[in-house]
Structures are given as C-alpha cells and as structure tokens.
Amino acid sequence: MLNINCPYCGDRSQKEFAYGGDATVKRPELNKEVSDEKWNEFIYLRKSPRGKHIELWHHIAGCRQWFKVQRDTVTHEIFKTAKMNEEIK
Amino acid sequence: MMNISALNFIHKIGKFGDHNGKNDETLLKVSELNKLLIFQIAKFKNSDFDISKIKVDGLNLPSSLKSSSNSNTRVLWFGPDNWLVFSSDLNLIEKEKKQFNELDFAITDISHSRAIIELEGNLVNEVLKKGCPLDINSFKEGDCANSVYNGITVTIDFVSDNPKKVRISGLRSFGESLHHSITDSCLEFGYKSI
C-alpha cells in the first residue's frame, strides 16, 4: 500500500486515489495540423520506464483534484508531488 | 427537497451488538440526520473573487480540511475552492444566494443526494479506524476530511471532541451500504441506534 502526499490534503492512503497515466504526454497544439503518426503517438503510444516516472493521479475520494507524482516504477518510492500548474524537475 | 430519509428502510431504533451490561450513557450512539438543507459552493477556477468577503449564515468559508459552524449551520471544506453547507435553516440558500455572483460561483442544492450518519461516544475513533485509512487520531473538533469507508466515498465532519461526535455523509445511493458498514463496525462495542 502506498501513501501519497496530495498537494491539497496531505499524506493519504492510495485507497483514496486513482491512477491517471503518464503526466509527460503533451497534446498536439490546438487548431494546428497534426499528422496521423503524431496523433497516433499521442493517443496510443506510451513509454514504460524503469525507474523515475512522472504520473498523473486523481484524489478521487478526497479533494477530487488531479496532480503530478514522481514515482519510481521499480521500488514505488514517491519522490515528489505537485499541483498541475507546477513543474517537477 | 427529498422528504423521505435516505435510511428510512434500514435505520432501526434499539440496542444492538455487545451492549449487555454496559452503561447507556457511555454506549455508542448511531443516528441518522435528515431534513437538512445541503448545498455545494464552487468557486470557478478563473475567478479571483476574495472569499473572505463571503459569509454563509455568518460563517466564513473554511480553509483546507477545516469546518466552521454555528448552532444551525456547518460549512465544510470539500476541495480547493469548494465547500459543502449543511443547515437546518431550509431557507438559507435563498437568503445567501445574493452574495454569490453567477460569474464567480456555482451554487447547487444537493439536499436530496446525501445520507448522513452521526456517531457519538468514546469509541467513535475505533469505529472509524475499522473502515477508513485516515490517521483518525490526528483529526480534532473543527476538522473535516473526504476519504473512504470500506470503499465508499465519504465526508467525515469531526463535530465535537467532548463528547466525541462525528458525522459521516456519503452519496444517498450508497447510504444503505454505508449504514451496514458502520453498524457492523459498531457491533463489537455495542451501540444504541436512535
């Protein structure tokens, strides 16, 4: 069981959260031409890194906010959490 | 507003569980709260309205994980720029509506959508610990938190420390399951349903 530090509510059990995928994926710019290949990449292709990874999590049974989590995919250690408008370096 | 209680068919009055030989005064008490006005206040993300100017029944909108209250009304923090108001004054929403500009706030009456169970007694924390992953002992009077109870999403309002009293509210459709979960957890200690 993980404990995740929600930027709004503090340290909470993983039971209250839902995983939301890779936080580094950027949507192609709006109102610009995008190739099928780029669109396909955005929709379907995801990396599966071993080690530090920045993810989206949703505090679905808490404050219902989305935020970023930097987690090690091997050890599950959580290094940092940040609000959506903040950067994790 | 819904007049039929969310737990109408399930909340029975009496003593249950291991209550024999225990003092009535110290026995856990479980009750349902109904006939309350419940509404949600949501401030829009693009709004820069100063919330310190807002008073609901004379109460400030509380900061994160806090509540503010008077004898009629409790205002609970429900998320960033989001509050939940419980009031026995059924006209409160009409009285307070004027101060909420439509461009800055959304006010939604959700009186019909929640089931509220009140627990009172020294063993309240032990009952909560059975189903909720929060660090319950760190929450005191005037705190509130959203969490889960046996997998059901709930809002817990820590009403009073002496006597220990909390209000657990969940979505109405989960009300019966929540009531089962909580009363099952109370059986070990014995409880009085009022």
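Computed from a prediction, not measured in an experiment: that's the story for all the values here. (Residues numbered from 1 in each chain as written. Chains lettered and ligands numbered in written order. Predicted model: local features only at pLDDT ≥ 70, side-chain atom pairs only at ≥ 80, totals over all residues. Heavy atoms only, no water.)

S.K.: Help me out: how do you make sense of the overall build of chain B in this one?
M.R.: The secondary structure content of chain B amounts to 3 helices and 12 strands. For 194 residues, the compact-globule formula gives about 16 Å, and the C-alpha radius of gyration of chain B, at 17 Å, lands near that figure. Considering only C-alpha atoms, chain B reaches an extent of 55 × 35 × 30 Å along its principal axes. Across chain B, contacts joining residues at least 24 apart in sequence account for 65% of those joining residues at least 6 apart. For chain B, the distance from the average site of its 23 positive side-chain charges to the average site of its 25 negative ones is 2 Å. (Helix = DSSP H or I, 4+ residues; strand = E, 2+ residues; numbered from the N terminus. Rg over C-alpha atoms; globule rule 2.2 N^0.38 Å. Contact = heavy atoms within 4.5 Å. Lys, Arg positive; Asp, Glu negative; His and termini not counted. Charge placed at Lys NZ, Arg CZ, Asp CG, Glu CD.)

S.K.: Help me understand the overall build of chain A, please; the structure alone is not making it clear to me.
M.R.: The helix and strand tally for chain A stands at 1 helix and 6 strands. Counting helices and strands in the order they occur from the N terminus, chain A gives β-β-β-α-β-β-β. Along the longest, intermediate and shortest principal axes, the C-alpha atoms of chain A span 40 × 30 × 25 Å. Taking the intrachain contacts of chain A between residues at least 6 apart in sequence as the baseline, contacts between residues at least 24 apart amount to 41%. As displayed, chain A offers around 6100 Å² of accessible surface, 48% of which is attributable to carbon and sulfur atoms. (Areas by Shrake-Rupley, 256 points an atom, 1.4 Å probe, with all protein chains shown as cover.)

S.K.: Looking at this structure, I do not really get the sheet that holds strand β6 (residues 78-83) of chain A. What am I missing?
M.R.: Strands belonging to one sheet form pairs held by backbone hydrogen bonds; the direction of such a pair is parallel or antiparallel. Residue and element names in this part refer to chain A. With respect to topology, 4 strands assemble into an open sheet ordered β3-β4-β5-β6, the strand pairing being antiparallel. A strand with exactly one partner marks an edge of an open sheet, and here the two such strands are β3 (18-22) and β6. For this sheet the average axis-to-axis angle between neighbouring strands, irrespective of direction, equals 30°. As defined by bridge partners, β3 adjoins strand β4 (residues 52-58) across 3 bridges and the pair is classed as antiparallel. Across the sheet, Asp-22 pairs through a bridge with Glu-55, a residue of β4. (Pairing = 2+ DSSP bridges. Axes fitted to C-alpha atoms, helices over the stretch in contact; angles between N-to-C directions.)

S.K.: Any chance you could explain the interface of chain A and chain B here in plain terms?
M.R.: Interfaces are often sized by the amount of accessible area the parts lose when they come together. Opposite the 11 residues of chain A that make contact, chain B presents 16 residues. Approximately 970 Å² of surface area, both sides summed, lies buried where chain A meets chain B, with 58% of it carried by carbon and sulfur atoms. Counting every contact that joins chain A to chain B gives 0 salt bridges. Counting across the chain A and chain B interface gives 5 residue pairs in polar contact (both at pLDDT 80 or more). A per-class count over the side of chain A that touches chain B returns 4 nonpolar, 3 polar and 4 charged. (Buried area = accessible area lost by both parts, 1.4 Å probe. Salt bridge = Lys/Arg side-chain N within 4 Å of Asp/Glu carboxyl O. Polar contact = N/O pair within 3.5 Å; in protein donor to acceptor, adjacent residues only side chain to side chain. Nonpolar A, V, L, I, M, F, W, Y, C, P; charged D, E, K, R; others polar.)

S.K.: Explanation requested: the pattern of salt bridges in the structure shown.
M.R.: One side chain can pair with another of opposite charge once the charged atoms of both are near each other. Residues and elements named next belong to chain B. Per the counting criterion, the structure on display carries 13 salt bridges over all chains. For Glu-188, the salt bridge is made with Lys-130, and the minimal N-O distance between the two is 2.7 Å. Placement of the pair is Glu-188 in the loop between α3 (175-187) and β12 (191-193) and Lys-130 in helix α2 (residues 124-131), with a sequence separation of 58 residues. Salt-bridge contacts for Lys-164 lead to Asp-161; the nearest nitrogen and oxygen are separated by 3.4 Å.

S.K.: It is not clear to me how the layout of surface pockets should be interpreted in this structure. Could you clarify?
M.R.: A water-sized probe, rolled over the atoms, reveals where empty space remains. For the largest pocket, the calculated volume is near 430 Å³. Lining of the largest pocket is provided by 13 residues; of these, Tyr-8 and Gln-65 of chain A together with Lys-45, Pro-80 and Asp-81 of chain B occupy positions nearest its centre. Size it by volume and the second largest pocket reaches roughly 280 Å³. In terms of residues, the lining of the second largest pocket owes the most to one element, helix α1 (residues 36-44) of chain A, which gives 3 residues. Split into classes, the residues belonging to the lining of the second largest pocket amount to 5 nonpolar, 2 polar and 7 charged. (1 Å grid on protein atoms, 1.4 Å probe; cavity = no way out; pocket = protein on both sides within 12 Å on 5 of 7 lines; lining within 4 Å. Points joined across faces, edges and corners; volume = space filled by probe spheres on them.)

S.K.: Teacher, can you tell me more about the sheet that holds strand β6 (residues 82-87) of chain B here?
M.R.: Residue and element names in this part refer to chain B. One open sheet holds the 5 strands; their spatial order is β4-β5-β6-β3-β7, and the pairing between them is antiparallel. Whereas interior strands pair on both sides, the edge strands pair on one side only; in this sheet they are β4 (67-69) and β7 (105-109). Pairwise comparison of adjacent strand axes, ignoring direction, gives a mean angle of 20° for this sheet. Here 6 bridges tie strand β5 (residues 73-79) to β6, and the two strands are oriented antiparallel to one another. Residue pairing across strands places Val-75 opposite Val-85, the latter belonging to β6.

S.K.: It is not clear to me how a nonpolar patch on the surface should be interpreted in this structure. Could you clarify?
M.R.: All names here are of chain A. Nonpolar side chains collect at one region of the surface, where Val-34, Trp-39, Ile-43, Tyr-44 and Leu-45 lie side by side and expose about 490 Å² of accessible area between them. Secondary-structure assignment places Trp-39 in helix α1. On the basis of relative accessibility, which here comes to 34%, the residue Trp-39 falls in the partly exposed class. (Patch = residues over 30% accessible without salt bridge, like charges linked within 9 Å, V, L, I, M, F, W, Y side chains within 5 Å. Buried < 20%, exposed > 50% of the residue type's maximum accessible area, 1.4 Å probe, protein only.)

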